[in-house]
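The lines below spell out each chain.
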Amino acid sequence: MSPKVLYETPRTAPAPGEAVFTSTCGHNCGGRCVVNAHVRDGQIVKISTDPRKWTPEMPPLHACVRGFGQAERVNHPDRLLHPLRRVGPRGSGQFERIGWNEALDEVAGQLRRVRDTYGPAAILDCSRTGSLSMLHGRGASQRFMHMLGGCTELFTNISSEAEVFAVHMTYGAKADYKSAGREPSDYVNSRFILMWGWSPGDGTFGTGTMQYLKLAKKHGARIVCVDPRRTRSSHELADEHIFIRPSTDAAALIAMAYVIASEGLHDQAYLDRHVLGFDEAHLPQGAPAGASYRAYLMGHVDGVRKTPEWAEAISGVPAATLRRLAVEFATTRPAAMQTGYAPGRTIHGEQFHRAAYALAAMTGSVGIPGGNSGTSNGATGRAGIRSLPAGTNPAAARVASPLLADVLSRGKAGGYPADIKLVYSSAGDLFNQLPNVNKIIAAAEKLEFMVVHDHFVTPTARYADILLPATTFWERNDVHTPWAGAGHYAIFMQKAIEPVAECRNDLDIFTALARRLGLEGYNDKTEEAWLRELTADAIDDFDTFRTRGLARLPAPDDAVAFAREIRDPERHPFTTPSGKIEIYSMAIAANPDPYGLGPIAPIPTWIPDPPESRYPLRLVSPKSRARTHSIHDNQPVLSRADRDDVWINSADAAARGIADGDRVRVFNHRGETRLPARVTDRIAPGVVSIKEGVWFTPDAAGHDTRGCANVLIEDRASPAGASPFNTCFVEVAHGPRS
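Residues numbered from 1 in each chain as written. Predicted model: local features only at pLDDT ≥ 70, side-chain atom pairs only at ≥ 80, totals over all residues. Heavy atoms only, no water.

Participant: Sorry if this is basic, but what is going on with the packing of helix H5 (residues 161-171) against helix H14 (residues 349-362) here?
Facilitator: Think of two packed helices as two axes; the pair is described by the angle between the axes and how far apart they sit. Between H5 and H14, the shortest axis-to-axis distance is 8 Å and the interhelical angle comes to 45°. Taken together, the axes of H5 and H14 are oblique relative to one another. Remark: the crossing between H5 and H14 carries right-handed chirality. In contact with Ala162, Glu163, Phe165, Ala166, Val167, Thr170 and Tyr171 of H5, H14 contributes Gly349, Glu350, His353, Arg354 and Tyr357. (Axes fitted to C-alpha atoms, helices over the stretch in contact; angles between N-to-C directions. Helix = DSSP H or I, 4+ residues; strand = E, 2+ residues; numbered from the N terminus. Parallel < 35°, antiparallel > 145°, perpendicular 65-115°, else oblique. Left-handed = near helix turned anticlockwise from the far one by under 90°. Contact = heavy atoms within 4.5 Å.)

Below, the structure is given as structure tokens:
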């Protein structure tokens, strides 16, 4: 008999005169928690969460501070309430109110004009994950654009493309990064947990992750954190914190692999059976001599042994620490490598992830209880729940996401598919969230037309010609699954209130445009019919699910990804070309420059990124506990949860005459921003930190005044299309710009 779905009501009974509705934040937030709206007289007056106490067997889905901040957001006085048309210069934020029919007619006409005049690739879809759920998510815009004839798409995952790519190359084309890790319930089976650039206590990485890590620690697991910052997670969990220079993580991992290989601490039997490319005896036919990972580590081709001393000069981690950490990871069984996305948000970020997975494979840690593949997502994924089908892009025009500024600036002259004439943004704020903001807004002047759906006049929305007011997730029904692919549950997002003023669902806006443009079949179902269809493979009682709000789905057969492949490799091979874990990637060897962004070696490799000598400090831009990317940045109450400042080491501050709390400017040749300094020894010397997501707010001279880190980041991509947010050099100075 198949395991049954359990349905729960994760809310308290309503008080007299109120109704309570269960939902979850429809954002790209890192969690998937229960948020309950308490409604009186058609208005949300309070937010509550799952009332149960935490237990590892059936954990409640407790909301973070951002979930409780949803009442401030939905009732915000600056909510967009009506369609608007630009009347001032682009970017001035000057708009006039117009009616829906007038707005939709103009948008449809401009879409038709640009498509027919310049071709569909001249339309750039800048929609993103501000609305992230099964029906009312990014699929609504993609489906529309594809039916229109296509567009240019920003195809790479802004947060995690380095991991997405590395998972496919190492574990197989069918390996999904959201189900390539392990369930948090398995953490307790680990004796050693190495958290590398991963801080679920700051950015949230799965609902309840911190509680499971604390449980593992209580049961005796030793936890070591490697990070340029002593994060909240490190502060609460780590037995040891190791500081590292940003964008050098791959070198440190490669040196650890050298120690393990040179001291014979690798699991040779495991490697022989399950892994391709560790040594010369296990290379694919046709691979050149010296192409194995071991040969690279020992310097057989380039003459450089990848010793801890070699890595110390690059990463700043003492050689003795790297050597000790390598031995501990290899000899403490089972050990789990848990990587975050941040070290992969670098100019060769895929090398970090591939080096981490190689270390996990060398020690026989993949696919075993208490071990891990090297990713930090779960083993469940979406459990069969589907998104609105988007179809394929007939224009086949795509650009790596961090190159937004460049494609807008140069178009065909830069080798891109088209000169962009029209930008369409639904649930996105990419002018703020992608690298080189100043270059983006300068290029926006060349656009012929721009459309934005949003809840507020965001930094991106300021540049729109037509601005359309969208509903929040409280104003519609939907379904959502765990962000981290862990926990095997789904939440029905119950509509709590009617759409505010003239706000409309994104799906309904695209449906109205589709009618005007003669696109048949865009939306031929009711909201309920869509949700029944999208959940049919996982939910066995839709009506109960809708009423109660939470479905506990059957647990996966194995709590650790790839357990089946390791247990029975003949019947269940990996979906790589060799059927094995590939330290040497046959796919990369066959196509070393898959995106035209630069060659990638078949094995994990250290590639230095030359420093910018004028700017001696390395910048990182981690998450804020008070925001989901740029969402919530306009909420003064919520902002108290995590203040915006620039972390700077006490030695670096002293050298510049900077005291804690001083207002400073952080700058390089791309731009500058101003914000208070936080002088602290919780950040490595030579490194500064600004939390991402602050709304770009320029002064009269065009300089940002609030701490928008992306004015400083270069608009380039790694060879795998990863964003380079944490490969950036800056200077910090006291006082205003001269």
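Past the structure itself, the notes keep going.
Participant: How do you make sense of the pattern of salt bridges when you look at a structure like this?
Facilitator: Between side chains of opposite charge, a pair can form as their charged atoms come close. Taken as a whole and judged by the stated rule, the model has 53 salt bridges. A salt bridge links Asp699 to Arg674, with the nearest nitrogen and oxygen atoms 3.4 Å apart. Taken together, the positions of Asp699 in the loop between strand E26 (687-690) and strand E27 (729-734) and Arg674 in strand E25 (residues 671-679) put the pair 25 residues apart, joining distant regions of the chain. A relative accessible area of 25% means that Asp699 is categorised as partly exposed. Members of the salt-bridge network, linked through shared partners, are Asp202, Arg625, Asp642, Arg643, Asp645 and Lys691. (Salt bridge = Lys/Arg side-chain N within 4 Å of Asp/Glu carboxyl O. Buried < 20%, exposed > 50% of the residue type's maximum accessible area, 1.4 Å probe, protein only.)

Participant: Sorry if this is basic, but what is going on with the sheet that holds strand E2 (residues 19-23) here?
Facilitator: Strand pairing in a sheet is mediated by backbone hydrogen bonds. Such pairs are either parallel or antiparallel. Across the sheet, which stays open at both edges, the 3 strands sit in the order E2-E3-E4 with antiparallel pairing between neighbours. Looking at strand neighbours, the two that pair on one side only are E2 and strand E4 (43-48), the edges of this open sheet. The sheet shows a mean angle of 30° between the axes of neighbouring strands, direction not considered. Note: E2 against strand E3 (residues 35-40), 5 bridges, orientation antiparallel. When the sheet's bridge partners are listed, Ala19 is paired in E3 with Val39. (Pairing = 2+ DSSP bridges.)

Participant: Any chance you could explain the nonpolar core here in plain terms?
Facilitator: The tendency in soluble globular proteins is for nonpolar side chains to be buried side by side. The biggest cluster of nonpolar side chains holds 83 residues, and the ones touching the most others in it are Leu194, Trp196, Leu253, Met256, Tyr293, Leu325 and Ile581. For this core, the element with the most residues is helix H9 (residues 249-262), which contributes 12 residues. Once you skip the residues sitting within four places of it in the chain, Leu325 turns out to touch Phe192, Leu194, Trp196, Val224, Val226, Ile242 and Met256. With 55 residues, the next largest nonpolar core counts Val423, Ala677, Val711 and Val732 among its residues. (Core = buried A, V, L, I, M, F, W, Y, C linked by side-chain atoms within 4.5 Å.)

Participant: So what exactly am I meant to see when it comes to helix H17 (residues 437-444) here?
Facilitator: Every α-helix carries 3.6 residues per turn, so stepping three or four residues along brings you back to the same face. For H17, every residue scored as buried is listed here: Val437, Ile440, Ile441, Ala443 and Ala444. End-on, the buried residues of H17 take up no more than an arc of 160°, which puts them together on one face. On its buried side, H17 packs onto helix H15 (404-410) and helix H16 (430-433). (Arc of directions from axis to C-beta.)

Participant: In this structure, what is going on with the sheet that holds strand E10 (residues 222-226)? I would like to understand it.
Facilitator: With parallel pairing, the 4 strands of this open sheet are ordered in space as E11-E10-E9-E13. Of all the strands in the sheet, the pair left with one neighbour each is strand E11 (240-242) and strand E13 (335-339). Each strand of the sheet is rotated relative to its neighbour by a mean of 15°, with strand direction disregarded. Two strands pair when backbone bridges link them, and E10 and E11 are joined in this way by 3 bridges, in the parallel orientation. What sits directly across from Cys225, in E11, is His241. The strands touched by helix H13 (residues 319-331) within the sheet are strand E9 (192-196), E10, E11 and E13, with E9 carrying the most contacts at an inclination of about 135°.

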